[in-house]
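Commentary on secondary and tertiary structure
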Amino acid sequence: MPLGSVLFAFAVGAIICAVTGANPIDAYSGLICGGFGIACTQGENPALQVSNTIVFLTPLITTGVAVALPFRAGLFNIGAEGQLLAGSVACTAIGVKFGNLPSPILLPMVLLGGMAAGALWAGIAGVLKATVGAHEVVTTIMLNYVAQWLVRFLIIGGPLQLGPGTSKSLPIGEGARLATILPADNSLIIFGLPASVFRVHTGLLIALAAAAAFAFLLWRTSFGYEIRAVGQSQKAARYAGVSVRRTIILTMLIAGAFSGLAGAVQIAGVDHNLTDKYFSDTTGFDAIAVALLGLGSAVGIVLASLLFGALHSGGAIMQSDAGISSNLVLVLQALILFSIAANFVGAIRRGLPFGRKATPDLPPELPPAAGLMSDATAPPPESS
Amino acid sequence: MGHKRLRFLGVVAAAMVFALACGGTTGGGTPTKTYKIGLVTDVGGLNDKSFNHLADVGLEKAKTDFKIQGDVKESKSGDEYVPNLTDFATKGYDLVIGVGFLMQEAVGTVSGQFPNVHFAIIDGAGTDAKGNDLKHSNVVSLFFKEQDAGAMVGVIAGWMEKNGKAKKNKHVIGAVGGVSIPPVNHYIAGYKWAAKMEDSSIDVKVGYSNNFTDPAKCKGVAQSQINAGADILFQVAGGCGLGVLQAAGQASVYSIGVDADQKDADPSVIASALKKVDVATYTAIKNIVNNQFTSGALTFSIANEGAGYAVDNLDLPAELKAELDKIQGQIKAGTLIPPADIP
């Protein structure tokens, strides 16, 4: 199903290309070159393209997990972006304030600080959901705005601002930075380029560990079982003695910690300071597509992140090599999401007219995205 | 489903191994007679009606005049600055141009990695994370004498007040800056200086919104200046300044745009102070083609037609036009020098 959605999107994208007078083969070979470093025709460095793709996909894995986990509990976490920003703010604040501490102390501090801030941010939505029944879709969207404007305030005129007229923070201390996988050395030549251009950093390992932790939590712990039980049916879970409120709050806290970790890793691994580019960051929104495309499974999320990272990295190459606006990438991403949501491919396979089924049959391992439409909106009355 | 996923994973893994294995085989190309110029926009994109658009205009003009290959990469988000600059650099481009101060750090990083590639940056320098100029020998900063452009619109404002052509004629005008930083204050310095030169009894109100993006903030500052009698307002606050133009329109007074020609932003705009980013971009390319690249800073002013003004939604009286030509000629000749600091 997800592979079919991707193929569907690329097929429609090819038609759009052809109709607008561009050559779809050129477009897609540019995308493949930019994303995976293969079939490059214009002298792109393949290793550099792979490196860029990995840099882009790293935060998508962790935020993808942060969307997928609440999905399993029937919660729709639209707030991964806000939680990511909270994590990057905490990482920056700690990394600047305690910039002189050595790495073994400071690095865990900034990463845990980011996780705590993300957990706090998502926890607000979790507590509101569990206590007064405020819908998590609404609260997490609103918290995204709060986080975005908070970042703006902090680095423009606020306490983290580098200086008048700037829109960025001080850089975090050396000890707060994640190492790059290749040495950050301008004079060392690797793969024909200065080693420092390869920005792949050890945050990739953290992201993969996060995906593994997500799978372990969900399938190998009793709490994971409770999450899935609540996602399948709150009533049945309650009947079985699961505290729905506790599960909702804890799930959101953990999801927020994942997102916050993504933000902290992005600061510690790539950017080293909080800048105006975080105003227009969309990682936490792309994560929703990643979680859906990955069917909410750890392996699926990693693969979907790879696809989206490659699209991000490939768009610029497609634009310069094939002369096709990199906006096509956004169209492709939207088409992928759209075809998953509309379940076109399943309908085609069954030979049914579109939209005949009133409720889309989500794959069995993906529980209620339906959290949106289910009775989950009502505050869960706790059995006492 | 499981085996499909595995197969996909296998293909991807094979692709990445292949890519890494082949990494060493390609490298920077050698420049030929056709110079390769790469332009990287900031997140504003090519249709921003301002810096990015003008930089592209300069590139297109250079394409018709010189034997160059010019390519543009639009940055969709801030995290694309480094990859976009790096891609041009790895492909052996002769000049990579970054548009705008948002790219300072990215240009600083990439120019350090590719000392054999030339870089130009509009309105900024190649800096480290703390904003210090790294002074790389392969980077040229394209700066502007904003005070020249400010002086020309200051002449318009001062002359109109003196000759009773403004709306209230209380000899009060205003300027709304974004933040009190050098480029903003250069504009205001030229404006105030020239207005006083034209009309010695003029009162120039100067205010700051402490913001470059939120029109509401600038609108507030503009309204307080209008309440104090100002009837010509000069905005020097980017997107925030659109609020100045709107406030002037609503109060039926005049306004003056900044950076690019803002004629269409509001009917109240009678003139715009211009930074000619197209001229700067064209000049940077010309220097590469003529093998005259110099690092450091190039400054664009009225003297080299890199700064100026546009007349917008008002027919200027012939006398004022003559005055503008006279002052422009004197600034160009160096007999009149607008100050960089607010007098």
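Calculation rules
- Residues numbered from 1 in each chain as written.
- Chains lettered and ligands numbered in written order.
- Predicted model: local features only at pLDDT ≥ 70, side-chain atom pairs only at ≥ 80, totals over all residues.
- Core = buried A, V, L, I, M, F, W, Y, C linked by C-beta atoms within 7 Å.
- Buried ≥ 20, exposed ≤ 12 C-beta atoms within 10 Å, placed from the backbone.
- Contact = placed C-beta atoms within 7 Å.
- pLDDT = per-residue confidence, 0-100.
- Helix = DSSP H or I, 4+ residues; strand = E, 2+ residues; numbered from the N terminus.
- Pairing = 2+ DSSP bridges.
- Axes fitted to C-alpha atoms, helices over the stretch in contact; angles between N-to-C directions.
- Nonpolar A, V, L, I, M, F, W, Y, C, P; charged D, E, K, R; others polar.
- Parallel < 35°, antiparallel > 145°, perpendicular 65-115°, else oblique.
- Left-handed = near helix turned anticlockwise from the far one by under 90°.
- Domains from an automatic or database assignment.
- Right-handed = clockwise from strand over helix to strand, strands pointing away.

A word on the nonpolar core
- Judged by nonpolar contacts, the single largest core of 123 residues is most densely connected at Val65(A), Val110(A), Ala264(A), Ala268(A) and Ile301(A).
- In contact with Ala264(A), not counting residues within four places along its chain, are Gly87(A), Ser88(A), Ala90(A), Cys91(A), Val110(A), Leu111(A), Gly113(A), Gly114(A) and Met115(A).

A closer look at the confidence of the model for chain A
Residue and element names in this part refer to chain A.
- Summary statistics for chain A give a mean pLDDT of 88 and a share of 89% for residues scoring 70 or more.
- The weakest mean pLDDT in chain A belongs to helix α14 (residues 344–350) at 62; the strongest belongs to helix α4 (residues 80–97) at 98.
- Confidence drops under pLDDT 50 across residues 352–384; counting only partners more than four residues distant or on other chains, this segment forms 45 contacts.

A word on the sheet that holds strand β7 (residues 203–208) of chain B
Residue and element names in this part refer to chain B.
- Spatial ordering of the open sheet is given by β7-β6-β8-β9-β10-β12, a layout of six strands whose pairing is mixed. Single-partner strands in this sheet number two, and they are β7 and β12 (307–311). Neighbour to neighbour, the strand axes of the sheet diverge by 20° on average, direction disregarded.
- Note: strand β10 (residues 269–275) against β12, five bridges, orientation antiparallel. Within the sheet, the bridge partner assigned to Lys275 lies in β12 and is Ala307.
- Where helix α6 (residues 182–198) meets the sheet, it contacts β6 (172–177), β7, β8 (232–236), β9 (254–259) and β10, and its direction lies at approximately 170° from that of β6.

Quick word on the interface of chain A and chain B
- On the side of chain B, 41 residues touch chain A, which itself brings 45 residues to the contact.
- For the side of chain A that touches chain B, the secondary-structure elements that each account for two or more residues are α3 (46–72), β2 (193–194) and α12 (298–322) of chain A.
- Here the side of chain A that touches chain B takes eight residues from α12(A), the largest share from any one element.
- For the side of chain A that touches chain B, a count of residues per class yields 20 nonpolar, 21 polar and four charged.

What to know about the packing of helix α7 (residues 215–227) of chain B against helix α8 (residues 242–250) of chain B
Residues and elements named next belong to chain B.
- Running from N to C, α7 and α8 point in directions that differ by 45°, and their axes come no closer than 7 Å. The angle between α7 and α8 falls in the class oblique. By crossing handedness, the relation of α7 to α8 is classed as right-handed. Counted together, Pro215, Ala216, Lys217, Cys218, Lys219, Ala222, Gln223 and Ile226 of α7 and Leu242, Gly243, Val244, Gln246, Ala247 and Ala248 of α8 form the full contact between these two elements.

Observations regarding the domain arrangement of chain B
All names here are of chain B.
- Assigned domains of chain B: these are domain 1 (31–144 + 276–306) and domain 2 (146–273 + 313–333).
- The C-alpha-based centres of domain 1 and domain 2 are spaced at 30 Å.
- In this assembly, seven residues from domain 1 lie in contact with seven residues from domain 2.
- A breakdown of the residues in the side of domain 1 that touches domain 2 according to their chemical character gives four nonpolar, two polar and one charged.

Examining the pairing of β9(B)
Residues and elements named next belong to chain B.
- With six of six residues buried, β9 is to be regarded as a mostly interior element.
- Two strands pair when backbone bridges link them, and β8 and β9 are joined in this way by three bridges, in the parallel orientation. Looking at the pairing, Ile232 lines up with Tyr254 of β9.
- One crossover worth recording links β8 to the parallel β9 by way of α8, and it is right-handed.
- For β9 and β10, the ladder comprises five bridges, and the chain directions are parallel. When the bridges of β10 are listed, Ile256 appears paired with Ala271.

With respect to the environment of Tyr309(B)
All names here are of chain B.
- For Tyr309, the position within the fold is in strand β12.
- Using a count of 24 C-beta atoms within 10 Å as the deciding quantity, one classes Tyr309 as buried.
- Counting along the chain gives 50 residues from Tyr309 to Asp259, while the straight-line C-alpha distance between them is 9.2 Å.
- For Tyr309, the contacting residues outside a window of four places in its chain are Ala149, Met152, Val153, Ala271, Ser272, Ala273 and Leu274.

What about helix α11 (residues 283–293) of chain A?
Residue and element names in this part refer to chain A.
- Burial of α11 is extensive: 10 of the 11 residues sit out of reach of the surface.
- Within the sequence span of α11, burial applies to Thr283, Gly284, Asp286, Ala287, Ile288, Ala289, Val290, Ala291, Leu292 and Leu293.
- Its buried side turned inward, α11 meets α1 (2–19), α3, α4, α10 (244–271), α12 and α13 (327–342).
- A positive backbone phi angle near 55° is found at Leu295, which sits one or two residues after α11.

Brief notes about the sheet that holds strand β11 (residues 296–300) of chain B
Residues and elements named next belong to chain B.
- One open sheet accounts for six strands, arranged β2-β1-β3-β4-β5-β11; its pairing is parallel. One side of each edge strand has no neighbouring strand; the edge strands of this open sheet are β2 (68–73) and β11. Averaged over all pairs of adjacent strands, the angle between strand axes in this sheet comes to 20°, irrespective of strand direction.
- Set on the sheet, helix α2 (residues 51–65) makes contact with β1 (35–40), β2, β3 (95–98) and β4 (118–122); between it and β2 the angle comes to about 160°.
- Taken strand by strand, helix α4 (residues 104–113) contacts β3, β4 and β5 (139–144), and its axis lies near 170° from that of β4.

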